[in-house]
Amino acid sequence: TYERLAGLFNTKCKHGLDLLLNADSTCFQFVNAFEDAYFYEASIGASVSVCLIAAEDATLDKFADVWDDSAKMEIAISFFCVLERNIFLKV
């Protein structure tokens, strides 16, 4: 996950956010932790809802500033959008 995210700092987001290079590193760390928790649960056969709850639980306290700040959450969502768009385009 880290490798996938690291390349995004020089990526222009296609849905309106300027450069992800200007993003707070907390948002980057949030996305990494969220994905790690989500995919860990998925790897042991958990349902999507269980994966999402686990990812939320894993990030809620440590990254409360992202959860509580709509601007930071928008940046985090932008990371997810770019990541998934890149996966979709490679398929």
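Coordinates for the structure precede this section.
Just so we're clear, the structure is a prediction, and the values are computed from it rather than from any experiment.

Draft legend 1. Main features of the overall build of the protein. The helix and strand tally for the protein stands at five helices and zero strands. The buried share among the 91 residues of the protein stands at 36%. Restricting the contact set of the protein to residue pairs at least 6 apart, pairs at least 24 apart contribute 64%. Accessible area of the protein: about 5,600 Å², with a carbon and sulfur share of 59%.

Draft legend 2. A look at the side chain of T59. Summarising the element assignment, T59 is placed in helix 3 (residues 48-60). Filtering out sequence-adjacent residues up to four positions away, T59 remains in contact with F30, A33, F34, A64 and W67.

Draft legend 3. Focus on the packing of aromatic side chains. Scanning all chains against the criterion turns up six aromatic pairs. The interplanar angle of 80 degrees and the centroid separation of 5.9 Å between the aromatic rings of F30 and F63 together place this pair among those described as edge-to-face. With F30 in helix 2 (residues 25-43) and F63 in the loop between helix 3 and helix 4 (64-68), this pair connects stretches of sequence that are 33 residues apart. A ring pair is formed by F30 and W67, whose centres lie 5.5 Å apart and whose planes are at 85 degrees; its orientation type is edge-to-face. Remark: W67 occurs in helix 4 and F30 occurs in helix 2; sequence separation between them is 37 residues. The rings of F30, F34, F63, W67 and F80 are connected pair by pair, giving a single aromatic cluster.

Draft legend 4. Structural view of the pattern of salt bridges. Considering all chains together, one arrives at one salt bridge under this definition. The closest approach of N and O atoms between K72 and D65, which form a salt bridge, is 3.2 Å. Judged by relative accessible area, K72 falls into the buried class, the value being 18%. Residue D65 is classed as partly exposed on the basis of its relative accessible area, which comes to 32%.

Draft legend 5. Just helix 2, in detail. Taking 1.5 Å per residue, 19 residues should reach 27 Å; helix 2 reaches 27 Å between its end C-alpha atoms and fits that length. Among the residues of helix 2, T26, C27, F28, F30, V31, N32, F34, E35, A37, Y38 and E41 are the ones counted as buried. Taken from the residues just after helix 2, G45 is the one with a positive phi, measuring 90 degrees.

Cut-offs used in this document
- Residues numbered from 1 in each chain as written.
- Predicted model: local features only at pLDDT ≥ 70, side-chain atom pairs only at ≥ 80, totals over all residues.
- Heavy atoms only, no water.
- Helix = DSSP H or I, 4+ residues; strand = E, 2+ residues; numbered from the N terminus.
- Buried < 20%, exposed > 50% of the residue type's maximum accessible area, 1.4 Å probe, protein only.
- Contact = heavy atoms within 4.5 Å.
- Areas by Shrake-Rupley, 256 points an atom, 1.4 Å probe, with all protein chains shown as cover.
- Phe/Tyr/Trp six-rings, centres within 6.5 Å; stacked < 30°, edge-to-face > 60°.
- Salt bridge = Lys/Arg side-chain N within 4 Å of Asp/Glu carboxyl O.
- Expected span 1.5 Å × (residues − 1).

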